[in-house]
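# Examination of the molecular architecture
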Amino acid sequence: MLKLHNTLTRTKEEFKPIHKGKVGFYTCGPTVYDYIHIGNIKSYMTADTLRRYLSYLGYEVKHIKNITDVGHLTEDDIAQGDSGEDKLEKKALTEKKSPAEVARFYENYFREAEQAINILPAHFFPRATAHIPQMIKIITGLIEKGFAYEKNGNVFFSVRKFSDYGKLSGNTLEKLKVGARLEEHPDKKDPWDFALWLRAPKEHLMKFNSPWSIGYPGWHIECSAMSSEYLGDTFDIHTGGEDNIFPHHEAEIAQSECFSGKKFVNYWLHTRLLLIDGVKMSKSKGNFYRLDDILKKGYDAMALRILILSSHYRSQMNFTWDSMDQAKSNFQKITAWVSNLQNIATDAPDKEPEISFTHIYRKRFEEAMDDDLNTPLALSVVYDLITETNKLLSEDKLSPTTAKEILTFWDKINKVFGLIISTYTLKAKKAHFKLTGGDVNFSINKNEELPEEITKLAQKRIEAKLSKDFVMADKLRKEIESLGYSMEDLKDNNYLIKKQ
Ligand SMILES: [Zn+2]
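Computed from a predicted model, the values in this text were never measured in an experiment. (Residues numbered from 1 in each chain as written. Predicted model: local features only at pLDDT ≥ 70, side-chain atom pairs only at ≥ 80, totals over all residues.)

### Some thoughts on the overall build of the protein chain
The secondary structure content of the protein chain amounts to 16 helices and 17 strands. Per-residue burial for the protein chain yields a buried fraction of 41% across its 500 residues. Restricting to contacts in the protein chain with at least 6 residues of sequence separation, those with at least 24 account for 71%. (Helix = DSSP H or I, 4+ residues; strand = E, 2+ residues; numbered from the N terminus. Buried ≥ 20, exposed ≤ 12 C-beta atoms within 10 Å, placed from the backbone. Contact = placed C-beta atoms within 7 Å.)

### Focus: helix α16 (residues 470–482)
Because each turn of an α-helix spans 3.6 residues, side chains separated by three or four positions in sequence point in the same direction. Between its first and last C-alpha, α16 extends 18 Å over 13 residues, near the 18 Å set by a 1.5 Å rise per residue. A positive backbone phi angle near 90 degrees is found at Gly 484, which sits one or two residues after α16. (Expected span 1.5 Å × (residues − 1).)

### Examining the sheet that holds strand β4 (residues 60–65)
Taken together, the four strands give an open sheet; going across it, the order is β4-β3-β9-β10, and neighbouring strands pair in parallel fashion. Either end of the sheet is taken by a strand with one partner, and the two such strands are β4 and β10 (265–271). On average, each strand axis in the sheet is inclined to that of its neighbour by 20 degrees, with strand direction left out of account. Direction of pairing for strand β3 (residues 22–27) relative to β4: parallel, over a ladder of six bridges. Bridging from a neighbouring strand, Tyr 26 pairs with Ile 64 of β4. Of the strands in this sheet, β3, β4 and β9 (235–241) touch helix α7 (residues 219–231), which is tilted by about 155 degrees from β4. (Pairing = 2+ DSSP bridges. Axes fitted to C-alpha atoms, helices over the stretch in contact; angles between N-to-C directions.)

### As for the packing of helix α11 (residues 321–345) against helix α13 (residues 375–394)
Interaxial distance between α11 and α13 falls to 11 Å at its minimum, and their mutual angle equals 45 degrees. When the interaxial angle is binned, α11 and α13 end up oblique. Crossing of α11 against α13: the hand is left-handed. Of α13, the residues touching α11 (which contributes Lys 333, Ile 334, Trp 337 and Asn 340) are Val 382, Ile 386, Thr 389 and Leu 393. Among the residues making up the contact of α11 with α13, the classes are represented as five nonpolar, two polar and one charged. (Parallel < 35°, antiparallel > 145°, perpendicular 65-115°, else oblique. Left-handed = near helix turned anticlockwise from the far one by under 90°. Nonpolar A, V, L, I, M, F, W, Y, C, P; charged D, E, K, R; others polar.)

### What to know about the environment of Asp 48
You can see Asp 48 is positioned in helix α1 (residues 38–56). Residue Asp 48 is classed as buried on the basis of its 25 C-beta neighbours within 10 Å. Along the primary structure Asp 48 and Ile 119 are separated by 71 residues, whereas in three dimensions their C-alpha atoms are 5.9 Å apart. Apart from the residues within four sequence positions on either side, Asp 48 is in contact with Ile 119, Leu 120 and Gly 418.

### Considerations on the nonpolar core
Counting 113 residues, the largest nonpolar core has Ile 139, Leu 142, Phe 157, Leu 196, Leu 291 and Leu 304 as its most contacted members. Two domains each put at least three residues into this core: domain 1 (3–271) and domain 2 (321–499). Filtering out sequence-adjacent residues up to four positions away, Leu 142 remains in contact with Phe 147, Ala 148, Phe 157, Leu 196, Gln 255, Cys 258 and Phe 259. Ala 458, Tyr 485, Met 487 and Leu 496 belong to the second largest nonpolar core, which has seven residues in total. (Core = buried A, V, L, I, M, F, W, Y, C linked by C-beta atoms within 7 Å. Domains from an automatic or database assignment.)

### Quick look at the sheet that holds strand β5 (residues 148–151)
Pairing in this open sheet of four strands is antiparallel, and the strands run β5-β6-β7-β8 from one edge to the other. Single-partner strands in this sheet number two, and they are β5 and β8 (215–217). Going from strand to strand, the sheet's axes swing by 20 degrees on average, the running direction of each strand aside.

### A word on the pairing of β9
Counted residue by residue, β9 has six buried out of seven residues, so it is predominantly covered. Pairing analysis gives six bridges linking β9 to β10, with the strands arranged parallel. Its bridge partner lying in β10, His 238 is registered against Trp 268.

### A closer look at helix α10 (residues 301–309)
Burial analysis of α10 places nine of its nine residues in the buried class, which makes it a mostly covered element. Those residues of α10 that sit buried are Ala 301, Met 302, Ala 303, Leu 304, Arg 305, Ile 306, Leu 307, Ile 308 and Leu 309.

### Details of the environment of Asn 390
With respect to the helices, strands and loops of the structure, Asn 390 is situated in helix α13. Taking the C-beta count within 10 Å as the criterion, Asn 390 has 16 such neighbours and is therefore assigned partly exposed. Note: C-alpha distance between Asn 390 and Asn 340 (50 residues apart in sequence) is 9.3 Å.

### So, the packing of α7 against helix α8 (residues 245–260)
Between α7 and α8, the shortest axis-to-axis distance is 8 Å and the interhelical angle comes to 55 degrees. Relative to α8, the element α7 is oriented oblique. The crossing of α7 and α8 is right-handed. Facing α7, whose interface residues are Trp 219, His 220, Ile 221, Cys 223, Ser 224 and Ser 228, α8 presents His 248, Ala 251, Glu 252, Gln 255 and Ser 256. Residues belonging to the contact of α7 with α8 are distributed by class as follows: four nonpolar, six polar and one charged.

### Some points on the environment of Leu 205
Along the chain, Leu 205 falls in the loop between β7 (194–199) and β8. Sequence separation between Leu 205 and Leu 93 is 112 residues, and the spatial gap between their C-alpha atoms is 10.0 Å. Look past the residues within four positions of Leu 205 in its chain and what remains in contact with it is Glu 89, Ala 92 and Pro 99.

### So, the pairing of β3
Among the six residues in β3, five count as buried, and that is most of the element. Regarding topology, α1 serves as the crossover connection from β3 to the parallel β4, and that connection is right-handed. As judged from the three bridges shared by β3 and β9, these two strands associate in the parallel manner. Bridging from a neighbouring strand, Tyr 26 pairs with His 238 of β9. (Right-handed = clockwise from strand over helix to strand, strands pointing away.)

### A word on the confidence of the model for the protein chain
Confidence along the protein chain averages 87 in pLDDT terms, with 88% of residues attaining 70 or more. Here residues 73–84 is modelled with pLDDT under 50, and outside its nearest four sequence neighbours on either side it reaches 19 contacts, counting other chains as well. When the criterion is pLDDT under 50, residues 427–447 qualifies, and its contacts beyond four places in sequence or with other chains add up to 41 contacts. (pLDDT = per-residue confidence, 0-100.)

So this is what it looks like as structure tokens:
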């Protein structure tokens, strides 16, 4: 039974979909005026893991992730009233591009980074600029129902009109009244009201027609409009980073529930923010890592994937290069294990084993994942399985049938972990060679096969080893390395070749 921690109720709840066997699922995507960083990736990976596990459980999932290509205003921008420029426009001016060009560039980067770390693409990536009419429809409805007001071409949501305001974040009106600094705007009735539509100053590049002014939407309204467009007024799951809880998701609830009169979302999941060497990521500290910063240091994107899976999405993850090294070694351990199993399983007969070897591991894996996606515990089940398998291997007790069963089990649970295992194994039996393996996926947007040249050198090297010409074998190993590949000698004449 899958249990998820719901930010709305602050408890772990049994997951019950609205429609049997189906899940509607919305994730707040990137604002495309800058590169996404590994903190964003961590948050998108929570959504990815949840989606993968829901599919594992047999649900049909519809996943929507929006692209915010109208630069949402910062609180400071709003404080400046009409003079506020949006983030996307600011970038367009500094990069001497149009806002649309800037948006497409960073959207492409985001899509490539997601692909590199094997985050499944959402079923649809709606762009905010393509949904202005839907936003205008909701804003119009909110004004008609008395939840919003217009002044000087600006429209604001009246927070005091929604009695449930604060139910997600705990920031109720009472707390806001005595609490933090709130942005001022001359047209606001109350300082805690938030913008639905703002009139654009003349020099503003991205502006749209509306009944109130030529202007642009507030950030929060985008997600209310795009989620209901694709998932309906009420849907199952909404995810985002913990920094989205307030004001963004609180505002989404207010707008959507006041407009439709129905509950907006049943389960809210939020990913805890990432720390880098114990501190928050910030541009001024220069600790704003992107995926390519990690790839440039020679790490596989899958090592980062393992690192992120090694901490629970609601616990504080601290990124360090030491932890990356540990993740890299764990990835190598899994890769070598899969290669060994593949080699042994080659000779397996086509029949099911009489006693299931993996049964207990499957149970432990599902218990871990059912408990609010406890990925670190689920990974520890794999490491335990590796330890047991390796013990059997060293005692020469692992049968091809069992190896095949373990591989089948691994393939099933790896659909949840999403690791791309890029191994090529050369199996040598005296003078005969057999090449098996899968795709190599080692950097953004690259799928390469093992070049023939490397295959030939590897075969020559194995021949040299078999004829005990170790000087030649060593020379060939260096030649392979000079071409950017490594050749690792595993047990029993098995070899692992990897791109460096
Ligand atoms: Zn959003």
